[in-house]
Amino acid sequence: MTDEPQEALGEAIARRRTFAIISHPDAGKTTLTEKLLLYGGAIHLAGSVKARRAARHATSDWMALERQRGISVTSSVLQFAYRGYQVNLLDTPGHADFSEDTYRTLVAADSAVMLLDNRRGVEERTRQLFDVCKMRRMPIFTFVNKCDRPGGNPLQLVSDVEADLGLGIHPVTWPIVNAAGFIGVADRRRREVLLFGKSGDHGATLVDTRCIPLDEASLADAIGAETLHTLRDELDLLDHAGHPWDEDAIRHGTLSPMFFGSALTNFGVEPFLHDFLDHAPGPLPRPAEDREVLPTDTELTGFVFKIQANMDPKHRDRIAFVRICSGHFVAGATAILARTGKSLRLVQPQQFLARERVAIEEAWPGDVIGVHDRGTLRVSDSLSTSGTVAFTGIPRFAPQFFARILTSDPLRRKHVDTGLRQLAEEGAVQVFYQDSVVGPIPIVGAVGMLQFDVLLFRLENEYGVPCKLEPLPYKKARWIRGPEDAIEALTEGRARMRLFDAKGGSILLFEDEWALRHAMEQSGKLEFLEAAP
Ligand code: G4P
């Protein structure tokens, strides 16, 4: 017997980092992503990701909807190598293309980078995504961006984030600002200051840094006596009144290491990337029915967290994104789909390098691969060599937009139902019913408006049924668990509506946050759940 395969597995796991960036639109996610690729050597001149995205819109067989809207629905995963690490950066669609995929992507990650604008702190979208990370107790590293322009007081920012999110913050780097602006960061753990060279090309290439120990006399000359005095005071305050570094708390998502920088000028990006990769966890164990799957298990296992439908009617094939959880994947491998017990060849496995697709020969725990799918796979599906592993699945998150779905042709009702069922299985949209009405008109729910556009487009193009949506005025929803009479009583209140999901679970819709809070106060023993039970 040889331990070689186990050793290779252990080595691959130790080198893997799989994470997602959570942020509000415009905080700089695209810019930071690009800079991570720049530092990772996957691109050589920043500016190319955006440029390539624009160029592709003009030339490729990009799906019609994407072209019409000028956005990217096909978010995926970017892979690059950096200082011996194999990094999988999962792309979380954020702008108009925010959808359930964004939430689901987080389930495939082992840690998250929370990107904040130095003037705006925690914004709504960040909070929504943070809530999902918190639910999963995911380690979160914070990068405060745009420090090249004046922002709020960093001490205030730390306490605001802590109060807003109920999260401890440990600043690892601290911004140094003098009359010339943002000139460097202090690295608290290494007790040194990193001073940035001026980047003459607006951050297109790597930035030079000069390192000076915090207690070296020349530091006063380098940054100015007054700036040094302020810096020492602030660092002193952080040392005495701030949260100490605590690996365990970081690992459980209750303490977030914070870094300051500017994705635009590259200032602070490198120290962040170093520390993040050194301290973020590698592939974590994943809960499955009646056991936990360890990344070191030799059996190949994985789950589908996203299905990318090809909207070109001429190519009905799809790509299923599979997160490998254990074992060694080799191209051509077969696995058993737990839901059906059937064996499946994982065809045309691909990975994604700076947005280019490349065929792959192998993959390890933490990696995400795209496999060709002809409609067999669904979001949340578990794959394994033995067929006995069923991951506990990806929760369905409470939608924020609701609409009745109407078709002008009642004879094609069946097509609508088939389309909705399949699209719901694929995870494109959620479907609900009002049970009391005979011949119910389904109600669709989504976390982003784009999901509705995609839905209508696909119903018409793939199922031949043009439909219309009649929006409902509800913005909040919770699954409700408890005695039936109590749920019924609660439904009576103002600005509420009760629906049933495909499994018969009750979901209550509210017009606004107030209606929701009021209901929670009245609720007695009922449970309010943000994700489907
Ligand atoms: P997003 O993906 O999170 O939505 O943000 P994105 O990177 O597209 O950045 C949003 C805007 O913020 C962009 O400006 C970008 O240049 C700017 N930005 C990103 N990082 C920094 C930073 O560190 N400092 C400063 N000062 N600005 C930053 P834009 O004018 O909307 O677009 P563009 O014309 O620059 O591309």
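Residues numbered from 1 in each chain as written. Predicted model: local features only at pLDDT ≥ 70, side-chain atom pairs only at ≥ 80, totals over all residues. Heavy atoms only, no water.

*Asks:* Provide a residue-level description of the pairing of strand β17 (residues 334-337), including the pertinent values.
*Replies:* Bridging between β17 and strand β18 (residues 342-345) involves 4 bridges; their strand directions are antiparallel. Within β18, the residue paired with L337 across the bridge is K342. Linking two consecutive strands that pair antiparallel, namely β17 and β18, is a turn of 4 residues; a positive phi of about 75 degrees is found at G341 within it. Across 2 bridges, β17 lies against strand β23 (residues 382-384) in antiparallel orientation. Note on β23: the bridge partner recorded for L337 is L383. (Pairing = 2+ DSSP bridges. Helix = DSSP H or I, 4+ residues; strand = E, 2+ residues; numbered from the N terminus.)

*Asks:* Can you tell me about the packing of aromatic side chains, naming the residues and giving the values?
*Replies:* In total, this model carries 15 aromatic pairs according to the counting rule given. Considering the side-chain rings of F141 and F276, the 5.0 Å spacing of their centres and the 80 degrees angle between planes classify their relative orientation as edge-to-face. Here F141 is found in strand β5 (residues 140-145), whereas its partner F276 is found in helix α11 (residues 269-279), with 135 residues between them in sequence. You can call F141 buried: its relative accessible area is 1%. (Phe/Tyr/Trp six-rings, centres within 6.5 Å; stacked < 30°, edge-to-face > 60°. Buried < 20%, exposed > 50% of the residue type's maximum accessible area, 1.4 Å probe, protein only.)

*Asks:* Requested: an account of the sheet that holds strand β9 (residues 192-196), with residues and values cited.
*Replies:* In space, the 4 strands of this open sheet follow the order β7-β8-β9-β10, with antiparallel pairing throughout. Pairing within the sheet leaves two strands with one partner each, and these edge strands are β7 (173-178) and β10 (209-213). Neighbour-to-neighbour, the strand axes of the sheet open up by a mean angle of 30 degrees, direction not taken into account. In terms of strand pairing, β7 meets strand β8 (residues 181-187) through 6 bridges, oriented antiparallel. (Axes fitted to C-alpha atoms, helices over the stretch in contact; angles between N-to-C directions.)

*Asks:* Could you give an account of helix α15 (residues 513-522), naming the residues involved and the relevant values?
*Replies:* Turning to α15, its buried residues number three or more, namely A515, L516 and A519. Down the axis of α15, the sector holding all buried residues measures 100 degrees, keeping them to one side. Along α15, exposed side chains directed more than 90 degrees from the buried face belong to W514 and E521. Along its buried surface, α15 packs onto β28 (476-481), α14 (484-491), β29 (496-501), β30 (506-510) and β31 (527-529). The opening residue of α15, the one whose side-chain oxygen lies 3.2 Å from the backbone nitrogen of W514, is D512. (Arc of directions from axis to C-beta. Contact = heavy atoms within 4.5 Å. Polar contact = N/O pair within 3.5 Å; in protein donor to acceptor, adjacent residues only side chain to side chain.)

*Asks:* Now, about the packing of helix α12 (residues 413-426) against helix α13 (residues 449-463): what can you tell me, with residues and values included?
*Replies:* Two numbers describe how α12 lies on α13: the axes approach to 10 Å, and their chain directions differ by 125 degrees. Here α12 is positioned oblique relative to α13, judged by the angle of their axes. Pair α12 / α13 crosses with right-handed handedness. Of the residues in α13, those touching α12 at H415, V416, G419, L420, Q422, L423 and E426 are L455, R458, L459 and Y463. Its residues assigned to classes, the contact of α12 with α13 shows 6 nonpolar, 3 polar and 2 charged. (Parallel < 35°, antiparallel > 145°, perpendicular 65-115°, else oblique. Left-handed = near helix turned anticlockwise from the far one by under 90°. Nonpolar A, V, L, I, M, F, W, Y, C, P; charged D, E, K, R; others polar.)

*Asks:* Talk me through the nonpolar core; I want residue IDs and the actual numbers.
*Replies:* If you look at the biggest cluster of nonpolar residues, it comprises 111 residues, and the most contacted ones within it are L36, M114, V161, L231, F329, L377 and L383. For this core, the element with the highest residue contribution is strand β15 (residues 318-326), accounting for 6 residues. Filtering out sequence-adjacent residues up to four positions away, L383 remains in contact with L300, T301, G302, V304, V322, A335, I336, L337, L344, L346 and L377. Among the nonpolar cores identified, the runner-up in size contains 15 residues, and I405, V416, F452 and V465 belong to it. (Core = buried A, V, L, I, M, F, W, Y, C linked by side-chain atoms within 4.5 Å.)

*Asks:* Go over the side chain of N118 with me, naming the residues and quoting the values.
*Replies:* Along the chain, N118 turns up in the loop between β4 (111-117) and α6 (124-135). Within polar-contact distance, the side chain of N118 engages the side chain of R149 at 2.8 Å. Setting aside anything within four residues of it in sequence, one finds N118 in contact with V144, N145, K146, C147, R149, P150, G151, G152 and L157.

*Asks:* Outline the sheet that holds strand β3 (residues 85-90), supporting the account with residue identities and numerical values.
*Replies:* Pairing in this open sheet of 7 strands is mixed, and the strands run β2-β3-β1-β4-β5-β11-β6 from one edge to the other. Because the sheet does not close on itself, it has two edges, and the strands there are β2 (77-82) and β6 (168-171). Neighbour-to-neighbour, the strand axes of the sheet open up by a mean angle of 30 degrees, direction not taken into account. Examined bridge by bridge, β4 and β5 share 6 bridges and lie parallel to one another. Considered in β5, the bridge of L115 is made with F143.

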